[in-house]
Amino acid sequence: SRKPASPSLSEDQDLLLAAAYVSDAQYNRNVPFETSPRAIRLYYFYNHWTMQVAIYFFICVDLSLALFEEPALFPLPFLATSIAEVLCLTAFFGRLVHFAKVTPQMVFWKDTKNICIMVTIALTLIDLIIYGSLEAVNIHSVRWSRALRPVFLINFPESRQIRRTFRSIRNTLPDILYVFLLFMFSVMIFSLMALKLFGDRGLRTVEGLPYFTNILEIAFELYVLVTTANSPDVMMPAYNFNWWYSLYFITYIIINTYIFMSVFLAVVYNNYRKHLKNEIRKLVYLKRHKMMEAFNILKVKVGTEFVVMEARWRRLARTVMPHISSPHLELLLRISDEGQKGYVDKMNFLRLADLLNIHVVTVNIKRHPLEEWMPWVYQSSVSLLIQRMVRHRIFVWVYDIIILINAIFIALDEKNPFISYAEWLFLSLYIIEILLKLYTYEPRAYFGKKQFWNCQTCWWGVGFPPWLPFCRLVLETLFHPRFRLIVTTLINIGPTILTFGGLILVVYYVFAIIGMEAFHGKVRFFDPNFTTPDALMCGNPALKDSAFARDRYCKNNFNDLASSFIVLMELTVVNQCCALLADGFALVTHQAARLYFISFHVVVVILIINIFIAFILEAFFVAYSLEKSEVETAIERKIQELGVGIQEEEMHDGKLVDNTDAKDSGFSGDDGDNKRKALKGLYFRIASKKYRTVDALLQQMFESEIAPEDEGPPLDEILNFSPSDIYPKVPNFENSA
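Scoring rules and cut-offs
- Residues numbered from 1 in each chain as written.
- Predicted model: local features only at pLDDT ≥ 70, side-chain atom pairs only at ≥ 80, totals over all residues.
- Heavy atoms only, no water.
- Disulfide = S-S within 2.5 Å.
- Helix = DSSP H or I, 4+ residues; strand = E, 2+ residues; numbered from the N terminus.
- Buried < 20%, exposed > 50% of the residue type's maximum accessible area, 1.4 Å probe, protein only.
- pLDDT = per-residue confidence, 0-100.
- Contact = heavy atoms within 4.5 Å.
- Core = buried A, V, L, I, M, F, W, Y, C linked by side-chain atoms within 4.5 Å.
- Pairing = 2+ DSSP bridges.
- Axes fitted to C-alpha atoms, helices over the stretch in contact; angles between N-to-C directions.
- Parallel < 35°, antiparallel > 145°, perpendicular 65-115°, else oblique.
- Left-handed = near helix turned anticlockwise from the far one by under 90°.
- Nonpolar A, V, L, I, M, F, W, Y, C, P; charged D, E, K, R; others polar.
- Salt bridge = Lys/Arg side-chain N within 4 Å of Asp/Glu carboxyl O.
- Patch = residues over 30% accessible without salt bridge, like charges linked within 9 Å, V, L, I, M, F, W, Y side chains within 5 Å.
- Areas by Shrake-Rupley, 256 points an atom, 1.4 Å probe, with all protein chains shown as cover.
- Phe/Tyr/Trp six-rings, centres within 6.5 Å; stacked < 30°, edge-to-face > 60°.

- The chain is annotated in an unreviewed UniProt entry as Ion transport domain-containing protein from Neovison vison.

**What to know about the state of the cysteines**
So, point 1. All chains considered together, the criterion is met by one disulfide.
So, point 2. Sulfur-sulfur distance for the disulfide between C538 and C554 comes to 1.9 Å. The sign of the -65° torsion about the S-S bond sets the C538-C554 disulfide as left-handed. Remark: C554 occurs in the loop between α27 (547–550) and α28 (561–573) and C538 occurs in the loop between α26 (533–536) and α27; sequence separation between them is 16 residues. Judged on exposure class, the residue C538 and its partner C554 are both buried.
So, point 3. No disulfide involves C60; its nearest neighbouring cysteine sulfur is the one of C88, lying 9.8 Å away.

**A few points about the confidence of the model for the chain**
So, point 1. On average, residues of the chain score 79 in pLDDT, and 76% of them are at 70 or above.
So, point 2. When pLDDT is averaged over each helix and strand of the chain, the minimum, 35, is found for helix α36 (residues 733–736) and the maximum, 94, for helix α4 (residues 78–102).
So, point 3. Of the regions scoring below 50 in pLDDT, residues 688–692 engages in 12 contacts with residues more than four places distant in sequence or in other chains.

**Digging into the nonpolar core**
So, point 1. The biggest cluster of nonpolar side chains holds 137 residues, and the ones touching the most others in it are F198, F249, W313, L316 and F349.
So, point 2. Tallying contributions element by element places helix α11 (residues 246–298) first for this core, with 18 residues.
So, point 3. Apart from the residues within four sequence positions on either side, L316 is in contact with L15, A18, A19, V22, L298, F349 and L352.
So, point 4. By size, the runner-up hydrophobic cluster in this structure holds 11 residues, among which are F395, I402, A422 and Y441.

**Quick notes on the sheet that holds strand β2 (residues 305–309)**
So, point 1. Ordered by their spatial adjacency, three strands build an open sheet running β1-β2-β3, and the pairing between neighbours is antiparallel. Edge strands, defined here as strands with exactly one partner in the open sheet, are β1 (300–302) and β3 (343–345). With strand direction ignored, the average angle separating the axes of adjacent strands in the sheet is 55°.
So, point 2. When β1 meets β2, the two strands line up antiparallel, connected through three bridges. Within β2, the position partnered with K301 by the bridge is F306.
So, point 3. Relative to the sheet, α11 contacts β1, β2 and β3, its axis offset from that of β2 by approximately 85°.

**Regarding the pairing of β2**
So, point 1. Between β1 and the antiparallel strand that follows it, β2, lie two residues; G303 among them carries a positive phi value of about 70°.
So, point 2. Pairing analysis gives three bridges linking β2 to β3, with the strands arranged antiparallel. Within the sheet, the bridge partner assigned to M309 lies in β3 and is Y343.

**Quick word on the environment of F558**
So, point 1. Relative to the helices and strands, F558 is located in the loop between α27 and α28.
So, point 2. For F558, a relative accessible area of 0% puts it in the buried group.
So, point 3. In the structure, F558 is positioned 44 residues away from I514 in sequence and 9.4 Å away in space, judged by C-alpha atoms.
So, point 4. With near-sequence residues (within four places) excluded, F558 lies in contact with P71, G515, M516, F519, H520, S564, V567, F585, Y596 and F597.

**What about the packing of helix α12 (residues 310–320) against helix α13 (residues 326–336)?**
So, point 1. Contact geometry of α12 with α13 gives a least axis separation of 11 Å together with a crossing angle of 130°. If you check the angle between α12 and α13, you find them oblique. Considering only the axes of α12 and α13, their crossing is right-handed. On the side of α12, the interface is formed by E310, W313, R314, A317 and R318, while α13 contributes S326, L329, E330, L332, L333 and S336.
So, point 2. When grouped by side-chain class, the residues that make up the contact of α12 with α13 number five nonpolar, two polar and four charged.

**Things to note about the pattern of salt bridges**
Opposite charge on two side chains makes pairing possible when the charged atoms of those side chains draw close.
So, point 1. Summed over all chains, the structure comprises 22 salt bridges.
So, point 2. Residue D127 pairs with R143 through a salt bridge whose shortest N-O separation is 2.9 Å. Of the two residues, D127 is situated in helix α6 (residues 112–136) and R143 in the loop between α6 and α7 (150–155); the sequence distance between them amounts to 16 residues. Grouping residues by exposure puts D127 and R143 together as buried.
So, point 3. Salt bridges here are not isolated pairs; linked through shared partners, they connect D62, E69, E85, D127, R143, R146, R149 and E517.

**Focus on a nonpolar patch on the surface**
So, point 1. On the surface, Y239, W243, W244, L247, I250, I254, Y258, I259 and V263 cluster together into a nonpolar patch covering about 930 Å² of accessible area.
So, point 2. Residue contributions to the nonpolar patch peak at six residues, all from α11.

**A word on the packing of aromatic side chains**
So, point 1. In this structure the tally under the stated criterion is 44 aromatic pairs.
So, point 2. Centre to centre, the rings of F78 and Y131 are 5.3 Å apart; their planes meet at 50°, and the pair counts as tilted. Separated by 53 residues along the polypeptide, F78 in helix α4 and Y131 in helix α6 bring together distant segments of the chain.
So, point 3. Residue class for Y131 comes out buried when judged on its relative accessible area of 8%.
So, point 4. Residues Y378 and Y439 carry aromatic rings whose centres are separated by 5.3 Å and whose planes lie at 50° to one another, so their mutual orientation is tilted. Of this pair, Y378 sits in helix α17 (residues 375–378) while Y439 sits in helix α20 (residues 417–440), and the two are 61 residues apart along the sequence.

Dropping the structure here:
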């Protein structure tokens, strides 16, 4: 029979399990995992950053293989690329097996993400075998499985942000579909009108082709007109014939370009916001559910309530964040155990994940060496006057004006002797600025790792490159208080912009693979100096005398992955080349090729770009309207109570401090007061808002609507939340308000 585990071993296992729940709540992970000791250790290893970096490395290698496969930018033998792909598939399968070891079997096999990965691995292997076999007997075939490679990027648990964006698109599609059908109906009605108006009048285009005589040609030209890519060219034959016909095109543009495109944005934004709030609500309740699981593992009964003892709370916090400093840990404990009772109650315990997510900076203020070596000089009235002058905002403004004047001088003629001598004057002023700041601020803080600009100023000031004033001017502008909210919001949405970048990459990759298979070799690029007939026709007689060849668009082709991405970027911008590209590739293949370009425009420009705009709007609305969270307020209040607070403005405007030498020692209120009076020792501040993520802001916005004591519905109900649970089906005035 198996011996029972010792109390200490059982306590350690409970602590690891509780820490796993808290860590999941901290990083918004929703992975059901087995609670056996072996499964917990595997789960920790699964979430380790090295494993995540490794899987992303293999995903990048797998996606980049298209650069080396035919049609290739850097050709490699099929054997080399196939071996690399098999290695990547092995890594993906190993990651999937690892995931299966930590999750319950029923959960694993019900998860469609896992099924998608396994099916994609199997299909890729089948395609590799078939393609390799045909190549061995010199039969060319299509590597269709390459378009499935983004499935690995989307479906691994690490890519939950990209999946959330795809879910937003999927949930928005039904409502957009009705608007799109109405839009296409409008295009077809106008196409029929154009056929009746212009079809029998014998009009010709600039190329001498019949004008608006084919219904499908008219529909395509009018669809392109919505993007304004062929305006006013498409109108000119009719306009030249009779200026009254311009009213037809003006009416079409007003209805389809301005009204329908605005309706698309409105529908996308409304549905995106609705489904986003549903996602955030699910995240909030899942986080609270995880924290309740952790509390139930560690709780003990004291009097009439269940609590977590201080010692276990400390061990838990250190297990979740091993590198947390002792002063920071002590600060969080003071917030959680407000009455210093030796334990943390349930309400305060549930805030632990949020407390650990708040970036609290520990700073160690040190005296200036001159103050220690020669206090009578450094504390003299003249010295103090100099220090006050350097710390004053006017000093910054004066040097801003100097930088602006220097930038103007650089834009002038450098051959002028006066301009040349002026550069030495500006260099002298910068050196004086550096010396004054070194005299005023503690040198190690001035050159600390958080004061990157000061190090660069000294380095650049000695070399005095011409762009130094411009760099300083740009930074001073960006960090001006009036622009700070905008810049902070842009920094906040940076990580999520990368998520949309991943989404765009997936769509681009799929369309690029399809484009390479469909259009490879149809258009060839020749050196501009070549004047042979082939060069003038982009290597294809079908392009003779076409606008595509005449405008030298030959390099816009699908002959390799890089060229394909450039073409797709040009299509995303939606300028005049959009129509030319579609027409050119239709000439070298079939008129149905235009469907490829229309599909790309619908997916990327109408759908994804509008969702991106909706996200930007929501992010700015949140940034402008949201105040500090209750947890941040509690931390700041406790910091001020302990007398160890320092404001961010002091870090920038006055006392430059360094947080590299923070000591692992405790603190008390009286000691904090003494340190504040002496301006020396350990201090704390909440980091700038730039460390927040948009997800955290949105989560905070909805979390404020949930009562602290609300533990949420059961887990199954949380996972099945729908937007209809938030928004009433029959809204009344009160709901709308």
